[in-house]
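Architecture and fold: a report
Below are the chains, spelled out letter by letter.
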Amino acid sequence: MSDNAITLLDAVNLAMARALDEDPNVVLLGEDIGANGGVFRATDGLQARFGERRVIDTPLAETMIAGLSVGMATQGIRPVAEIQFMGFIFPAFEHLVAHAARMRHRTRGRLSCPMVLRAPFGGGIHAPEHHSESTETLLAHIPGLRVVIPSSPARAYGLLLAAIRCDDPVVFLEPKRIYRASKTLVEDNGEALPLDTCFTLREGNDITLISWGAMVQETLMAADRLADEGVSCEVIDVATLNPIDHATLIASVHKTGRCVIIHEAPHHGGMGAEISATLSEQMLTSLQAPVRRVTGDDTVMPYYRNEQLYLPDVDDILIAVRETMEYSG
Amino acid sequence: MSDNAITLLDAVNLAMARALDEDPNVVLLGEDIGANGGVFRATDGLQARFGERRVIDTPLAETMIAGLSVGMATQGIRPVAEIQFMGFIFPAFEHLVAHAARMRHRTRGRLSCPMVLRAPFGGGIHAPEHHSESTETLLAHIPGLRVVIPSSPARAYGLLLAAIRCDDPVVFLEPKRIYRASKTLVEDNGEALPLDTCFTLREGNDITLISWGAMVQETLMAADRLADEGVSCEVIDVATLNPIDHATLIASVHKTGRCVIIHEAPHHGGMGAEISATLSEQMLTSLQAPVRRVTGDDTVMPYYRNEQLYLPDVDDILIAVRETMEYSG
Amino acid sequence: MHTISYQGEIRLTRYLNDRGTPLGEMPDWALGEQPWVGYYQQMVLARQFDTKAISLQRTGQMGTYASLLGGEAIDVVCASLMQTEDVLVPYYRNHAMQMIRGMPISQLFLYWGGDERGSATPEMKRDLPNAVPIATQCLHACGVATALKLRGEHQAVLTMIGDGGTSKGDFMEAINVAGAWQLPVVFIINNNQWAISVPRSKQCIAPTLAQKALGAGIRGEQVDGNDAIALHEVVGQALERARAGKGPTVIEALSYRLSDHTTADDATRYRPADELKAAWVREPVARLRNWLHHQGLWDEAREQAWQAETKQLIEAAVADWQAIPEQTVDELYDDLYAECPPGLAEQREQARARQQRRVQKGGKHHE
Amino acid sequence: MHTISYQGEIRLTRYLNDRGTPLGEMPDWALGEQPWVGYYQQMVLARQFDTKAISLQRTGQMGTYASLLGGEAIDVVCASLMQTEDVLVPYYRNHAMQMIRGMPISQLFLYWGGDERGSATPEMKRDLPNAVPIATQCLHACGVATALKLRGEHQAVLTMIGDGGTSKGDFMEAINVAGAWQLPVVFIINNNQWAISVPRSKQCIAPTLAQKALGAGIRGEQVDGNDAIALHEVVGQALERARAGKGPTVIEALSYRLSDHTTADDATRYRPADELKAAWVREPVARLRNWLHHQGLWDEAREQAWQAETKQLIEAAVADWQAIPEQTVDELYDDLYAECPPGLAEQREQARARQQRRVQKGGKHHE
Ligand SMILES: Cc1ncc(C[n+]2csc(CCOP(=O)(O)OP(=O)(O)O)c2C)c(N)n1
Ligand SMILES: Cc1ncc(C[n+]2csc(CCOP(=O)(O)OP(=O)(O)O)c2C)c(N)n1
Ligand SMILES: [Mg+2]
Ligand SMILES: [Mg+2]
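What you are looking at is a predicted structure, and each value in this text was computed from that prediction instead of being measured. (Residues numbered from 1 in each chain as written. Chains lettered and ligands numbered in written order. Predicted model: local features only at pLDDT ≥ 70, side-chain atom pairs only at ≥ 80, totals over all residues. Heavy atoms only, no water.)

Right, let's talk about the relation of the copies chain D and chain C for a bit. A rotation about an axis combined with a shift along that same axis relates the two copies of the chain. Mapping chain D onto chain C leaves a residual RMSD of 0.0 Å; the transformation is a rotation of 180 degrees accompanied by 0.0 Å of translation along its axis. Both copies of the chain, as the preceding transformation shows, are related through a two-fold rotation axis. Among all C-alpha atoms of chain D, that of Gly-169 of chain D lies closest to the rotation axis, at 1.9 Å. A symmetric contact is evident, with 100% of the interface residues of chain D recurring at the interface of chain C. (Least-squares fit on C-alpha atoms with pLDDT ≥ 70 in both. Contact = heavy atoms within 4.5 Å.)

Here you go:
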């Protein structure tokens, strides 16, 4: 690995540093993001480098963090706010739904709300209660709010840069289970990735595996194992849950005829449902097997002692894929 | 019509009066529910009848209304809280998700949270911004929270009684567009309806129309028109969005082979997606046409001057049904 | 051992009694024509607008409307004291503020007529639009103020909230951060004694709402909100302190909602008739007119002329509004995102077709 | 014309100086053995528990843990003054409170070991469970108090919150409604000067946090949170007032977080070493011990015996905890609803199968 090999967490930091550097209107705010560098160290070193006016520790109030960001964003500042864990995002909801997502629409373009709300999400790091949720669905259902989830260092860098530069409000959810999972080469070239396309991580012909966030890792591992069994998997990271790039997903399933969707969030009304429904509605007769969803169950994420009982694993994916491959009418 | 013919709104009032009467632990709270009887008059006369200790006007704070309800419910009170319009429910989210929905699970049954949160929802009454939203999806995705939506006076009465008596937290959403749409006979017999079954409002063989809330009216009207065209529609009111009675839906579509789902909420990630996905996943080969969704679009509910441009209408349903009936491979 | 670690107090400012007679010797700055006549004229205009809006609603030409009756002095004085580059973050009763800030009256009708384009006029500059959720504007005001501060602009932000709204966390989080960060914000509480049907006494047991400022460590004061002269002093000083970097202020302006909550409300269900009657005695417009008469700055002839002039102004604005063509279907989809994403563009396409279908069916444009 | 419409103040109570020496003549009630020796013993037990919990975390036997170091006096005095039928609504640092309220120590380990059954013991009666979201407990406490009031029970509710938590709307909405409804709640602010890395001074510019009570129109006071005697007086009176229907109180207890925020935190990143050192001089356990020594109520022999005894108690609790069998998969699904709905029961069925598969694959029960 080269010197530039960095983790997803490093990439988040790098993108923010870049954005702070290139645009004086970019400002970070949140709880403990200053001297402490954030509880996960996503903002490590940024206050020292850019000062207390650009990297702001806030009082402890998520409603306030969101509300301040909305106000700032209407005046041309580009706030990048951190919610410490996604489990604490709910007090921010009214401002996200009723204001951030509507500012442009409400004023017919007179004002806009170019803010980013970052939050680490998902389970698997043995954290206390409420630190392990995946509630991306609640955000992705809100018209006007972009929801973006990276699953690799490079996509974290490119998508976060895109989110910060985007003139729309973006919720940027960071899969903390893979914050430090692996290091890959990421060039700090300031190049943003598109906010409206899926990423095909692996091409294949037999079945399409669709996922996002930390579960992309298990999905790729399953694809490896399935390759050994002679099943050729196409793996797609959805990456942007609102809007979703349905076209890429449809094209892939058109090719493979089979599909398994994998996410950590609860099954009932999860974004897997939207994707599954759209695929079936659009290509009922070209599906060679029912779409399957491998998801969290419709119960509360357990405390950490039992969180592994909740999280889908590689075996769950393998079983779903095998059953889908074996399906016949 | 008899003397007992009442509106949906009357039925809500009647159920609360009954519950207050039969259980001293039932307490109503909310903004303007006392002397004013609620902005829609859902609590009209109840404070006069049951006193200020049982029907409580609160300070103006939805977080507080939800948080108080949680605290009260842990001590055996059965709070029935009103959120004035569903558009103002967001400050209540943290308490709903992190506390109401989890109290029983968190304490492994030592405490529970038998509270009801009522809110009028949906568009079509020419109200100001934020008074016309349909965000039931956000609530239905939360494990532990029951979401119930009546669509007739009788179901409003029976389901609200059930919600108040239920030992789980229930969000009870009232389709305000049909609050006073029609009067039907409702006997005040104290009989609750089940919280885990759909209601088949009309039997039919050619296609299943699935809906909830105010759109059930348009759906029934469409079914009438379609009957004239010789299309026999089965019409189902889902009524409980979490948990959903998938079995009834599947059985119906098994019979008809075709399905259109109708709701007012935005398309993307709406509960229509969950139903559509489940149907296609469970019965891919018995579907004679793709499931169709007739929904609100993925934009902000417009101010009242244009709200009719947003709301699906009978024609939209007719077109979707006709196309579904004509579908062939 | 007990020691005192904090002491605080709230001051009330008032110059005119209910009838517009000075309560004591008036300060020098209060004498002379300016700005009182201008204030009075704006207050009359505001009331004319209000009367017209209610009648438009009653005749089915406009939707639910929130009357400003009783809040004329607060709105007019606050807006008049703001500089162009200050920023207003209004609540839903600040029509007069918005007018004075440059929003064409026709746009106000457009907004209250249920059309988003009412919040789109360039005259509104960087002022925030109306939005209905209670108390959220207070945090937006803090965000705007933070932006100004980051940019080194020495301007003030002014926001308003009702008495009921002060019970919501947003208000209290806002004044807290405004204190912590010494933001240039002036928070005006329009304490009109009612939050729909809930009286002030049920919101909070404290004798003043201004004392919430003490908890945030910032200046709080009360002012007679029907007394334009008192308002002029108190709001003016707060705006100056804000612009000078001396921090935020909470001003509780004591007024009375002389109207129903909105046109959808019926206050007789919950409000004693004699309370309303008593409040009319203290109302701001007559009070200032009495003072002006007393000072020889106004007379019946000017009154009649101004009433006629404003009536005309309002009628012209109604005509302007009614001449604005309907929104197109596209506008429901555009302006949601900076660029319309493909999926939404497809929905827009279908909505166009649907709308055409509806129009062809002989329906009106709307409904 | 300016008049004063409100005046308020905050009192600070303190009896012992940093070293446990009286600051002045001690009141009669403060002399004698009771309850001080008992308090001291509980404080030592609390600290032993804390030491053990941290070592269990460090050795990988327990997950992230929030130390109570520095909060011993607050927890012990508050819990000891509560009556059995009073209700505790804790925050995540109230382990000592929970112990004194009857929660077996093994259950505390169970909870912090990542197992919901820790909050399930009948000894907790109607006390609310730990929950991590900041400040929400304050509203729950108001709800519990409302329930007690509705039932005519003359009991008090006590809840605690950190200095950081007072910036969140929930706290402010809670003290506001507690005032408006005169609820029997005592709000304790454990002002340990830090909210993770954010110092008290950045939360709020007001000199005291207690003065937020003034905005709510309720009694607010400060107390030295390292001084068990001062706490005893102030908290005792507040609980009595609550039980007597005389309304709520906010008590800001001044303490210091002697630990990292949690075991997942490294305070050296943001906190000056000398500040911590200075805080150790004022810490509550040694202070009370010094006072007891000074009064002749405690000596080295009793100290040693009690240290040994508590150590044993804790070790026994660890053993009890470790003997508790793992949860079954079913427990993830049961207790979510009063009755498990069909869809969830199906998922439970599949989860059982999956778990069996995992166990058969030779894996451990967990992971
Ligand atoms: C968050 C939220 N909750 C409820 C409402 C409904 N509502 C609109 S105005 C109002 C009363 C507001 O009273 P107050 O703050 O005193 O302002 P006023 O209308 O008297 O000027 C309520 C409850 C709302 N708009 N937003
Ligand atoms: C709503 C919410 N936001 C953020 C967090 C993360 N968090 C946990 S503890 C903490 C700091 C709390 O500080 P303080 O209130 O002073 O209490 P202390 O821990 O010092 O006792 C934060 C930010 C949380 N648990 N809940
Ligand atoms: Mg008011
Ligand atoms: Mg603290």
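This next bit is on the pairing of strand β8 (residues 249–254) of chain C. Residue and element names in this part refer to chain C. Along β8, five of the six residues are buried, which leaves the element largely enclosed by surrounding structure. Bridge count for strand β4 (residues 185–191) against β8 is six bridges, and the pairing is parallel. Bridged to Ile-188 within β8 is Ile-251. (Buried < 20%, exposed > 50% of the residue type's maximum accessible area, 1.4 Å probe, protein only. Helix = DSSP H or I, 4+ residues; strand = E, 2+ residues; numbered from the N terminus. Pairing = 2+ DSSP bridges.)

As a further point, take the pattern of salt bridges. A full pass over the atoms with the stated rule returns 107 salt bridges over all chains. For Glu-129 of chain B, the salt bridge goes to Arg-106 of chain A, with nearest N and O atoms at 2.9 Å. Highlighted residues: Glu-129 of chain B in the loop between β5 (116–121) and α6 (136–140) and Arg-106 of chain A in helix α5 (residues 103–106), drawn from two different chains. The closest approach of N and O atoms between Asp-316 of chain B and Arg-358 of chain C, which form a salt bridge, is 3.8 Å. Highlighted residues: Asp-316 of chain B in helix α12 (residues 314–326) and Arg-358 of chain C in helix α13 (residues 342–360), drawn from two different chains. When sorted by exposure, Asp-316 of chain B lands in the same class as Arg-358 of chain C, which is buried. Within this structure, Asp-313 and Asp-316 of chain A together with Arg-354, Arg-357 and Arg-358 of chain D form a network of salt bridges that share partners. (Salt bridge = Lys/Arg side-chain N within 4 Å of Asp/Glu carboxyl O.)

Next up on the list: the UniProt feature "domain: Transketolase-like pyrimidine-binding" (unreviewed entry) in chain A. Those residues carrying the UniProt feature "domain: Transketolase-like pyrimidine-binding" (unreviewed entry) are residues 6–181 of chain A in this numbering. Across residues 6–181 of chain A, the secondary structure splits into 35% helix and 16% strand, with the terminal C-alpha atoms separated by 10 Å. (UniProt positions renumbered as here; feature names shortened; annotations may be inferred.)

With that settled, the discussion passes to the sheet that holds strand β4 (residues 78–82) of chain A. Residues and elements named next belong to chain A. Read from one edge to the other, the open sheet built from seven strands follows the order β3-β2-β4-β5-β7-β6-β12, with strand pairing classed as mixed. Two strands in the sheet have a free side with no partner beyond their single neighbour: β3 (55–57) and β12 (240–242). With strand direction ignored, the average angle separating the axes of adjacent strands in the sheet is 20 degrees. Here strand β5 (residues 116–121) pairs with strand β7 (residues 170–175) via six bridges, running parallel. Bridged to Arg-118 within β7 is Phe-172. (Axes fitted to C-alpha atoms, helices over the stretch in contact; angles between N-to-C directions.)

Each aromatic ring pair is summarised here by two numbers: the centre-to-centre distance and the angle between the ring planes. Summed over the entire model, instances satisfying the criterion amount to 35 aromatic pairs over all chains. With centroids separated by 6.1 Å and ring planes inclined at 70 degrees, the aromatic side chains of Phe-49 of chain D and Tyr-65 of chain D adopt a geometry described as edge-to-face. Within this pair, whereas Phe-49 of chain D is found in helix α1 (residues 36–58), its partner Tyr-65 of chain D is found in the loop between α1 and α2 (72–81), the two being separated by 16 residues in sequence. Given the relative accessible area of 0%, Tyr-65 of chain D is considered buried. Here the aromatic cluster, defined as three or more aromatic residues joined through ring pairs, consists of Tyr-303 of chain A together with Phe-49, Tyr-65, Phe-109, Tyr-111, Trp-112 and Trp-321 of chain D. The ring of Phe-199 of chain A carries the charged tip of Arg-155 of chain A above its face, separated from the ring centre by 5.8 Å. (Phe/Tyr/Trp six-rings, centres within 6.5 Å; stacked < 30°, edge-to-face > 60°. Lys NZ or Arg CZ within 6 Å of the ring centre and 35° of its normal.)

Residues in close proximity to ligand 2 total 22 residues, the closest being Glu-62 of chain A together with Tyr-91, Tyr-92, Arg-93 and Asp-163 of chain D. Near ligand 2, the surrounding residues belong to chains A, B and D. The contact in question runs from an oxygen atom of ligand 2 to an N or O atom on the side chain of Tyr-92 of chain D, over 2.7 Å. Taking Ile-134 of chain D, its main chain carries an N or O atom lying 3.1 Å from a nitrogen atom of ligand 2. In the complex, the protein chains occlude 97% of the 580 Å² of accessible area that ligand 2 would expose alone. (Near = heavy atom within 4 Å. Polar contact = N/O pair within 3.5 Å; in protein donor to acceptor, adjacent residues only side chain to side chain. Areas by Shrake-Rupley, 256 points an atom, 1.4 Å probe, with all protein chains shown as cover.)

Inspection of the secondary structure puts Asp-313 of chain A in the loop between α11 (307–310) and α12 (314–326). A distance of 3.2 Å separates a polar side-chain atom of Asp-313 of chain A from the backbone nitrogen of Asp-315 of chain A. Setting aside residues up to four positions removed in sequence, Asp-313 of chain A forms contacts with Glu-218 of chain A together with Arg-358 of chain D.

Neighbouring ligand 1 are 22 residues, the closest being Glu-62 of chain B together with Tyr-91, Tyr-92, Arg-93 and Asp-163 of chain C. Nearby residues around ligand 1 are contributed by chains A, B and C. Gly-164 of chain C is positioned such that a nitrogen or oxygen atom in its backbone is 2.8 Å from an oxygen atom of ligand 1. Backbone polar atom of Trp-194 of chain C to an oxygen atom of ligand 1: 2.8 Å apart, as the coordinates give it. A class-by-class count of the residues in the shell around ligand 1 yields ten nonpolar, six polar and six charged. (Nonpolar A, V, L, I, M, F, W, Y, C, P; charged D, E, K, R; others polar.)

Residues and elements named next belong to chain C. Tracing the backbone through its elements, the reader meets Leu-158 in strand β3 (residues 157–162). On the basis of relative accessible area, Leu-158 is assigned to the buried category, the value being 0%. A C-alpha to C-alpha distance of 9.6 Å links Leu-158 and Ala-242, two positions 84 residues apart in sequence.

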